[in-house]
Amino acid sequence: MGARSTAAKANSDMESVESAEQAVKAKLQATNGSKANSSQSPNAWSIEKSEELYRITGWGEPYFSINAAGHVTVSPEGDRGGSLDLFDLVNALKQRNLGLPLLIRFSDILQDRIERLNAAFAKAIARYNYPGVYRGVFPVKCNQQRHLVEALVGFGKPHQFGLEAGSKPELMIALATLKTPGALLICNGYKDREYIEMAILAQQLGQTPIIVLEQVEEVSLVIEAGRKLGIRPILGVRAKLSSKGVGRWGTSAGDRAKFGLTVPEILSTVEQLRAANMLDSLQLLHYHIGSQISSIAVVKTAIQEASQIYVELAKLGAAMKYLDVGGGLGVDYDGSKTNFYASKNYNVQNYANDVIAEVKEACDERKLPVPTLVSESGRAIASHQSVLVFDVLSTSEVPSGVPEPVQETEHLIVRNLYETYESITVENYQEAYHDATQFKEEAISLFNFGYVSLPERARAERLYWVCCEKILAIARQQEYVPDDLEDLEKIMASIYYINLSVFQSAPDSWAIDQLFPIMPIHRLDEEPTKRATLADLTCDSDGNIDQFIDLKDVKPVLELHPLIAEKGSRESAVGSGKESYPTPHSPLPTPSHKPYYLAMFLGGAYQEIMGNLHNLFGDTNAVHIHLTPKGYEIEHVVKGDTMTEVLGYVQYDSEDLIESIRQQTELALQEKRITLQESQLLLQNYERSLSRYTYLSA
Ligand SMILES: *Cc1c(COP(=O)(O)O)cnc(C)c1O
């Protein structure tokens, strides 16, 4: 349930508000000239080391990089324009009462994605002397937000870029939004009579709707509707290719796929249309073999098969004019440029080249005119434009540091653990790990039988953790880490509590373990000395992130910086844990700390609408930013859900809720269980909360 789709959303559009913020002027940095020089000692941390660690060049180019101040910068127009300091931008937005978590959409990145895709096809068309054109469409299901779709249609105008609808509600969006002459409106998904009639009638508005037959039943519906209206529809068929995608969405193709017609069904469709004297309506062949295709070989096999079906349909007498290759163009989430599921081993140009070359060859061989090529890339267009920024609320660490020396009088098990601690070396660290683990388990057994006191058990546990710390420090230096020590990194990881709901803002991370690049947006000139997993605000143990992008495979922890206490606070680094031994993995009492901001990147496709209201954390605040020669402007502000709104989704009425609290306080007042002052405080807090953001405010 994507709550943002609720029509009653109070959007406050602040069109063209020129930013007055001097601090966040586009800094027109030459991307290279801005790097801090690393002329210090070879061990000193540098911005280059952060770049390598977080792999920002791999997944972020050309939009995201790091400046000399150690902040992430955003260059929405790629290498062609200016850039913004993301940290400064977030601070400026916070001053406008736009609290975290905050979704920032960069419309210029969206435009750049469309430009790049069209440029790649234009280049391929020129290179292979393809005597046809490319007409891309954006699949609305990827991100249906009005501001985004409207902007996209605007940016796509010069390229006659169209829209693809996968459902009736999406058709409603596309029909009302797409006014570009010549742009295609591809009508996919389940269709009823109303859907089909609307699509056919839209032709009379000057639009180019193409109804793609995906189910056998739709054929007769379309024939009937066309006859009744006296309008010849433009039709397509969706083929179930036998070439399958790979990975997560691989089952979108193949004989048993959910959508599309098998070859025998396509043939009988042709015959039905011929019998109805409508074969000239059939003009498009469509296929979609799944999303995030990580291997170019799969792209090639599919286009080969589809090209053959295309020419065969033309031979059968259909007035074939369009070939629609669907979506699937991948995004390199981990920047590894491999066929790993979170990556892809090709770029947009390779993709366009292969598609164009393959189709041309098939048509040339049969001496047929080439089709207008259509693609439905969603992920590749919408992912990069949004950045989700969130703050860290507190951290939890396992005990660390140097333990108090052991006393003769202490329990034997404590003395054993201390001795183990003292004796850890490079030669015996694996054995020491087993000893420490065994002693800790013994300590717990002894405690359960009443032979060890609570303080003794606490002392034993702390000693165990500092043993692990010392062992891990050695293990990290080794080239080969024994299997039984591999989990140590995970066990010893800090937990960073983040002001976010994974279920609302990164549902695919929870549901299908999708990887998104996550990193701090500042302090990148400092070494991130902590290794952490992230825990979200929900009280659900699945509400965490413990897989992060890495060059090879994934890593279980993310390198982060220790929180810094605000001046006047007693510790310099919050949660450094030295001898203050908090219990393992329970949040520290949070002394106020300086803001620490993280961001999740490449989440602009699918995440927003699939996000859900688990624990009633609602939509985040969202802003649309556009770069101007003088800085930037905030094109739109879409305020996140208030408590009243999320409670409304589950049918609670704010007035009723307040009334219930009021009555309870009245009763308590009568029975003198509460003072008048207390009851007023309670009511004020309750009422104020209802109009507030569902996330925590710093
Ligand atoms: C989901 C979908 C797309 C978009 O796929 P991406 O991998 O995001 O490009 C395109 N076409 C159809 C029919 C789809 O169902």
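Please read all numbers here as calculations on a predicted model, not as lab measurements.

## Overview of the overall build of the protein chain
So, step 1. Summing up its helical and strand segments, the protein chain has 22 helices and 27 strands in all.
So, step 2. Buried positions account for 56% of the 698 residues belonging to the protein chain.
So, step 3. Across the protein chain, every contact between residues at least 6 apart in sequence was considered, and the portion connecting residues at least 24 apart equals 76%.
So, step 4. Carbon and sulfur atoms make up 52% of the accessible area of the protein chain, which amounts to about 30500 Å² in all.

## Section: the site of the ligand
So, step 1. Around the ligand, a shell composed of 17 residues is seen, among which Lys 141, Ser 291, Glu 376, Gly 378 and Tyr 606 lie nearest.
So, step 2. At a separation of 2.5 Å, a nitrogen atom of the ligand approaches a polar side-chain atom of Glu 376.
So, step 3. Gly 378 places a polar main-chain atom, nitrogen or oxygen, 2.8 Å from an oxygen atom of the ligand.
So, step 4. When the ligand is considered free in solution it has 390 Å² of accessible area, and contact with the protein chains removes 92% of it.
So, step 5. In the shell around the ligand, the residues fall into three nonpolar, nine polar and five charged.

## Section: the pattern of salt bridges
So, step 1. Tallied over the full model, the rule gives 24 salt bridges.
So, step 2. Asp 280 is the salt-bridge partner of Arg 232, the closest N and O atoms lying 3.0 Å from each other. Of this pair, Arg 232 sits in the loop between α8 (216-229) and β11 (235-238) while Asp 280 sits in the loop between α9 (263-275) and β12 (282-286), and the two are 48 residues apart along the sequence.
So, step 3. On the accessibility criterion, Arg 232 (43% relative accessible area) is partly exposed.
So, step 4. You can call Asp 280 partly exposed: its relative accessible area is 39%.

## A few points about helix α10 (residues 296-315)
So, step 1. Spanning 20 residues, α10 covers 29 Å between terminal C-alpha atoms, matching the ideal 28 Å at 1.5 Å per step.
So, step 2. Along α10, the residues that are buried comprise Ile 296, Val 298, Val 299, Ala 302, Ile 303, Ala 306, Ser 307, Ile 309, Tyr 310, Val 311 and Leu 313.
So, step 3. Its buried side turned inward, α10 meets β11, α9, β12, β13 (322-324) and α11 (348-365).
So, step 4. Two residues or fewer past α10, Gly 317 is found with a positive phi of approximately 110°.

## With respect to the packing of helix α13 (residues 412-423) against helix α15 (residues 454-477)
So, step 1. Contact pair α13 / α15: the axes reach a minimum separation of 9 Å and the direction vectors enclose 15°. In this view, α13 runs roughly parallel relative to α15, as classed from their interaxial angle. Of the two elements, α13 crosses α15, and the hand of that crossing is left-handed. Facing Val 414, Leu 417, Tyr 418, Thr 420, Tyr 421 and Glu 422 of α13, the residues of α15 in contact are Glu 456, Arg 459, Ala 460, Leu 463, Tyr 464, Val 466, Cys 467 and Lys 470.
So, step 2. Class assignment for the residues of the contact of α13 with α15 results in nine nonpolar, one polar and four charged.

## Considerations on the confidence of the model for the protein chain
So, step 1. Of the residues in the protein chain, 89% reach a pLDDT of 70 or more, and the chain-wide mean stands at 90.
So, step 2. Below a pLDDT of 50 lies the segment residues 575-589, which in the model reaches 41 contacts outside its immediate sequence neighbourhood of four places, other chains included.

## Quick look at the sheet that holds strand β10 (residues 208-213)
So, step 1. Pairing is parallel in the open sheet, where eight strands are placed in the order β7-β8-β9-β10-β11-β12-β13-β14. Each of the sheet's edge strands pairs with one partner strand only, and the pair in question is β7 (137-139) and β14 (372-374). Going across the sheet, the axis of each strand differs from the next one's by a mean of 25°, ignoring polarity.
So, step 2. Note: β7 against strand β8 (residues 162-165), three bridges, orientation parallel. Across the sheet, residue Val 137 finds its bridge partner in β8, namely Gly 162.

## Re the packing of aromatic side chains
So, step 1. Under the criterion given, the structure shown has 17 aromatic pairs.
So, step 2. A centroid spacing of 3.9 Å and a plane angle of 0° characterise the contact between Phe 121 and Tyr 134, whose relative ring orientation is stacked. Taken together, the residues span a long stretch of sequence, with Phe 121 in helix α4 (residues 107-127) and Tyr 134 in the loop between α4 and β7 at a distance of 13 residues.
So, step 3. Looking at Phe 121, the relative accessible area reads 1%, which means it is buried.
So, step 4. The interplanar angle of 85° and the centroid separation of 5.7 Å between the aromatic rings of Tyr 333 and Phe 516 together place this pair among those described as edge-to-face. Note that Tyr 333 is positioned in the loop between β13 and α11 and Phe 516 in the loop between α18 (507-511) and β17 (518-520), a separation of 183 residues in sequence.
So, step 5. Counting every residue linked through ring pairs, the aromatic cluster contains Trp 59, Tyr 63, Phe 64 and Phe 601.
So, step 6. Of note, Lys 344 hangs over the ring of Tyr 346, and the distance from its end group to the ring centre comes to 5.6 Å.
So, step 7. Geometry around Tyr 464 places Lys 440 over its ring, the cationic atom sitting 4.4 Å from the centre.

## Looking at the sheet that holds strand β5 (residues 84-85)
So, step 1. Ordered in space as β3-β4-β5, the three strands form an open sheet in which the pairing is antiparallel. Since the sheet does not close on itself, it has two edges, and those belong to β3 (64-66) and β5, each with one partner.
So, step 2. Here β3 pairs with strand β4 (residues 72-74) via three bridges, running antiparallel. In the sheet register, Ser 65 faces β4, and the bridge partner there is Thr 73.

## Overview of the environment of Thr 372
So, step 1. As for its position among the elements, Thr 372 is in strand β14.
So, step 2. Sequence spacing of Thr 372 and Leu 284 is 88 residues, and the spatial spacing of their C-alpha atoms is 9.2 Å.
So, step 3. Look past the residues within four positions of Thr 372 in its chain and what remains in contact with it is Val 133, Arg 135, Lys 321, Tyr 322 and Leu 323.

## A short note on the side chain of Lys 344
So, step 1. Mapping Lys 344 onto the fold places it in the loop between β13 and α11.
So, step 2. An unpaired buried charge is present at Lys 344: no salt bridge exists, and Asp 332, the closest side chain of opposite charge, is 6.3 Å distant.
So, step 3. A polar contact is formed between the side chain of Lys 344 and the backbone oxygen of Tyr 346, at a distance of 3.3 Å.
So, step 4. Beyond its immediate stretch of four places on either side in the chain, Lys 344 contacts Ile 293, Ser 294, Gly 330, Val 331, Asp 332, Lys 337 and Thr 338.

## Quick notes on the pairing of β10
So, step 1. Taken across its six residues, β10 has six buried, putting it largely inside the fold.
So, step 2. Pairing of strand β9 (residues 184-187) with β10 involves four bridges; the strand directions are parallel. Along β10, the bridge assignment pairs Leu 185 with Pro 209.
So, step 3. In this fold, the crossover linking β9 to β10 by way of helix α7 (residues 193-201) has right-handed handedness.
So, step 4. Across three bridges, β10 lies against β11 in parallel orientation. The residue of β11 that forms the bridge with Ile 211 is Leu 235.
So, step 5. Chirality of the crossover, the property in question, places the unit of β10, α8 and β11 among those that are right-handed.

The rules behind the values
- Residues numbered from 1 in each chain as written.
- Predicted model: local features only at pLDDT ≥ 70, side-chain atom pairs only at ≥ 80, totals over all residues.
- Heavy atoms only, no water.
- Helix = DSSP H or I, 4+ residues; strand = E, 2+ residues; numbered from the N terminus.
- Buried < 20%, exposed > 50% of the residue type's maximum accessible area, 1.4 Å probe, protein only.
- Contact = heavy atoms within 4.5 Å.
- Areas by Shrake-Rupley, 256 points an atom, 1.4 Å probe, with all protein chains shown as cover.
- Near = heavy atom within 4 Å.
- Polar contact = N/O pair within 3.5 Å; in protein donor to acceptor, adjacent residues only side chain to side chain.
- Nonpolar A, V, L, I, M, F, W, Y, C, P; charged D, E, K, R; others polar.
- Salt bridge = Lys/Arg side-chain N within 4 Å of Asp/Glu carboxyl O.
- Expected span 1.5 Å × (residues − 1).
- Axes fitted to C-alpha atoms, helices over the stretch in contact; angles between N-to-C directions.
- Parallel < 35°, antiparallel > 145°, perpendicular 65-115°, else oblique.
- Left-handed = near helix turned anticlockwise from the far one by under 90°.
- pLDDT = per-residue confidence, 0-100.
- Pairing = 2+ DSSP bridges.
- Phe/Tyr/Trp six-rings, centres within 6.5 Å; stacked < 30°, edge-to-face > 60°.
- Lys NZ or Arg CZ within 6 Å of the ring centre and 35° of its normal.
- Lys, Arg positive; Asp, Glu negative; His and termini not counted.
- Right-handed = clockwise from strand over helix to strand, strands pointing away.

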